[in-house]
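Architecture at a glance
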Amino acid sequence: MALISLQEVSLGFGGPPLLEKVNLQIESGERVGLLGRNGVGKSSLLKLVNGDFLPDRGTVARQQNLRAAYLPQEVPQEWAGRVADIVAGGWETAPSDWSIEHDGPRQVQQVLSRMQLDPAASFEALSAGLKRRVALARGLARNPDLLLLDEPTNHLDIDAIDWLEDFLKRWGGTLLFVTHDRVFLQHLTTRIVELDRGRLFDWDCDYTTFLERREARLTAEEAQNAIFDKKLAQEEQWIRQGIEARRTRNEGRARALKRLREVRRERREQAGTVRMQIQADKRSGRLVIEADQVSYAFDDRPIVRDFSATIQRGDRVGIIGPNGSGKTTLLRLLIGELLPQQGEIRHGTNLEIAYFDQLRAQLDETKSVLENVGQGRDTITINGKARNVIAYLEDFLFTRDRVRAPITALSGGERNRLLLARLFARPANVLVLDEPTNDLDLETLEVLEDLILDYSGTLLLVSHDRAFLNNLVTSTLILDDSGRVSEFVGGYDDWQQQREQTVAAISKPIKPVSTATAESVTGAAGAPRKLTYKEQRALETQQRELAELPHTIETLEIEQHRLSAAMAEPAFYQRDRSEIAQAVQRLKDLEEQLAAAYQRWAELEP
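Overview of the structure. Quantities reported herein were computed from a predicted structural model and do not represent experimental measurements.

The next thing to look at is the overall build of the protein chain. A count of helices and strands for the protein chain gives 20 helices and 22 strands. By the burial criterion, 46% of the 606 residues in the protein chain qualify as buried. Of the contacts made within the protein chain by residues no fewer than 6 positions apart, 67% connect residues no fewer than 24 positions apart.

As structure tokens, this is what we get:
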């Protein structure tokens, strides 16, 4: 028996039904990706499977004693206290001195260890990514048969997404999840279910194959609709003929026309596709931005340290780093919204910068959709042509009723589309995007991607979407928690490959010194001579040093990683100022020791 079986299920909340007589079965061990446009009802379907909703019609059959765990898009705001208590389900009967390490159930202890969570940490002080990890741990502590995940990669940095991806592969349970992360989909799904206009389409394939098959389905549907519409038009023309024709008309044909009209009225059209265009503008100078030995810190914590780079016209630069490492700060330094505390930022000539901020602070919460873009005007100029603001907003899928709504009523995806509409309403030759893919459905994301591919200006992009980075950027800046910024050629996959090659080079076996080298050296005349006792001892010392260097480097890097991770947590900066200063100095010392170790390795290696 399937874990979950939906049979002829319908669900709606007014308006067109979200689910209309759908059927779905989920078998044990499957990893099912649930796809669909924003607002079609994906989250509602997850809640229906979880038992939070009852269907309007149909049945939801569950395997007996099925345990399901549901991770919503947003972590509940009311959660507070120790991580251990939250993961254990917030035991109300636990005494004040209760210890998860000694008294908690074994399952909770195992989950905390497996997910690398500190049981005693304060939940409120955690980063957004770690809070989501705690929420996942809380679900896994119930040892679920079925895990339901709604946008699990939201607010996670790339390293956290990689960790989650790897964890879910090794977990081995049954998954039903919603995501807009294409790489996450491709790596995890064994099957894809698409929700489109109240119907479910089941695709037993990976994401890449799904795209091809869906395109074929939509093309066939469009052709069938065209044939149907042509037949309906012919029948409508027949019924409108003159009196003579109506006297002799076939009553059965008239009844068939009535049925055609009903079918056409009930047809739910494919939702429109966002139509965007970035306005062309005068070209900037060849030099766009130049950073020279730039440093910036918050409360003695280095965000950017000794950073130098040159960005020229047409460059496409991605920015990657852990949550809280300072990616947005770096962006704001580069475009002049922040002044460096040390060093200098120089801008080229004729720059027109359009900045998409991930917090959407540019949107005025007191105004409507129309007012945020039109700003009191009825028309705006797009590529030299005047356009009605309402018609322009319809390109971004805002209906004529929706454009007058306050933006407080908008979903996350609608807010992102609105900010893009506002951004593209004016010319720009430098496009600065800070996490633009959050809350966008896959189709809108791909439209945005195609638009940027055709953009001839300069791009600065912060994103945790690996496919987006791979497809758009030509170089990548990598931030770490110590404020160091490294530059790599290419996108995310290129950086990963270069990083793996570096690790492989560090870890490769040390070449043995040949017997000839160990026993003799070449004299002035080319004839070998035996090493002196002193030379032999020096050579042996160098060999031992060379053999020990990999372990030394590994030890230093482990300490550096642990200290950087601790300093990335907000709670760290609630400690005594002297302790913070010692940690900052230790991190600096570790970097210097690592640099010296690598230099020594280069000197000693044959």
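Resuming the write-up.
Turning our eyes to something else, we now look at the sheet that holds strand 6 (residues 146-150). Strand order in the open sheet formed by 6 strands is 5-6-7-3-8-9, and the pairing between neighbours is mixed. A single partner strand is all that each edge strand has here, and the edge strands are strand 5 (68-71) and strand 9 (199-203). The mean inter-strand angle of the sheet, taken between neighbouring strand axes irrespective of direction, is 15 degrees. With 4 bridges joining them, strand 3 (residues 31-35) and strand 8 (residues 191-196) adopt parallel strand pairing. In the strand pairing of strand 8, G33 is matched with I192.

This part is about the nonpolar core. Formed by 47 residues in total, the largest nonpolar core has its most connected members in M115, L147 and L168. Here this core gets 7 residues from one element, more than from any other, and that element is helix 6 (residues 158-171). Other than its neighbours up to four places away in sequence, M115 contacts R133, L136, A137, L140, W163 and F167. Residues F398, L423, L433 and W495 belong to the second largest nonpolar core, which totals 44 residues.

What follows concerns the pattern of salt bridges. Under the defined criterion, the tally for this structure stands at 18 salt bridges. Between R67 and D145 there is a salt bridge, with the nearest N and O atoms lying 3.8 Å from each other. Highlighted residues: R67 in the loop between strand 4 (57-62) and strand 5 and D145 in the loop between helix 5 (128-140) and strand 6, separated in sequence by 78 residues. What makes R67 partly exposed here is its relative accessible area of 38%. Relative accessible area serves as the criterion here: at 25%, D145 is assigned to the partly exposed category. The salt bridge partner of R170 is D166, with a shortest N-O separation of 2.9 Å. With a gap of 4 residues between them, R170 and D166 both fall in helix 6, about one helical turn apart. Residues joined by salt bridges that share partners form a network here, namely D162, E165, D181 and R466.

This paragraph deals with the side chain of R31. Within the element layout of this structure, R31 appears in strand 3. Buried R31, no salt bridge; nearest opposite-charge side chain is E165, N-O distance 9.6 Å.

The residue Q25 is located in strand 2 (residues 19-26) in this model. When the C-alpha atoms of Q25 and V60 are compared, they prove to be 9.9 Å apart, with 35 residues separating the residues in sequence. The residues contacting Q25, other than those within four sequence positions of it, are A2, I4, S5, E30 and R191.

Attention now moves to the packing of aromatic side chains. All told, the structure shown has 9 aromatic pairs when counted by the stated rule. Ring centres of W79 and F123 lie 5.9 Å apart, and the angle between their planes is 65 degrees; on these two criteria the pair is classed as edge-to-face. With W79 in the loop between strand 5 and helix 2 (83-87) and F123 in the loop between helix 4 (106-114) and helix 5, this residue pair connects regions lying 44 residues apart in the sequence. What makes F123 buried here is its relative accessible area of 2%. Their ring planes at 75 degrees and their centres at 5.7 Å tell us that W203 and F210 sit as a pair that is edge-to-face.

Two orientations exist for strands paired in a sheet by backbone hydrogen bonds: parallel and antiparallel. Pairing is mixed across the open sheet formed by 6 strands, whose spatial order is 14-17-18-12-19-20. Single-partner strands in this sheet number two, and they are strand 14 (353-356) and strand 20 (485-489). Going from strand to strand, the sheet's axes swing by 15 degrees on average, the running direction of each strand aside. Bridging between strand 19 (residues 475-479) and strand 20 involves 5 bridges; their strand directions are antiparallel. Across the sheet, the residue bridging to L477 is E487, located in strand 20. Against the sheet, helix 14 (residues 412-423) engages strand 14 and strand 17 (430-434), with an angle of about 175 degrees to strand 14.

Attention shifts here to the pairing of strand 11 (residues 301-312). Where strand 10 (residues 287-298) and strand 11 come together, 8 bridges link them in antiparallel fashion. Bridging from a neighbouring strand, E290 pairs with T310 of strand 11. Linking strand 10 back to strand 11 in an antiparallel pair, the connection comprises 2 residues, with D299 at a positive phi of about 50 degrees.

The subject of this paragraph is helix 1 (residues 42-50). Turning to helix 1, its buried residues number three or more, namely K42, S44, L45, L46, L48 and V49. The positive-phi residue at the C-terminal boundary of helix 1 is G51, with phi of around 95 degrees.

What follows deals with unusual backbone geometry. Unusually for a residue other than glycine, D300 sits at a positive phi of about 70 degrees. Along the chain, D300 turns up in the loop between strand 10 and strand 11. Although it is not a glycine, D306 adopts a positive phi angle of roughly 50 degrees. Here D306 is to be found in strand 11. Judged by relative accessible area, D306 falls into the partly exposed class, the value being 45%.

Procedures and definitions
Residues numbered from 1 in each chain as written. Predicted model: local features only at pLDDT ≥ 70, side-chain atom pairs only at ≥ 80, totals over all residues. Heavy atoms only, no water. Helix = DSSP H or I, 4+ residues; strand = E, 2+ residues; numbered from the N terminus. Buried < 20%, exposed > 50% of the residue type's maximum accessible area, 1.4 Å probe, protein only. Contact = heavy atoms within 4.5 Å. Pairing = 2+ DSSP bridges. Axes fitted to C-alpha atoms, helices over the stretch in contact; angles between N-to-C directions. Core = buried A, V, L, I, M, F, W, Y, C linked by side-chain atoms within 4.5 Å. Salt bridge = Lys/Arg side-chain N within 4 Å of Asp/Glu carboxyl O. Lys, Arg positive; Asp, Glu negative; His and termini not counted. Phe/Tyr/Trp six-rings, centres within 6.5 Å; stacked < 30°, edge-to-face > 60°.

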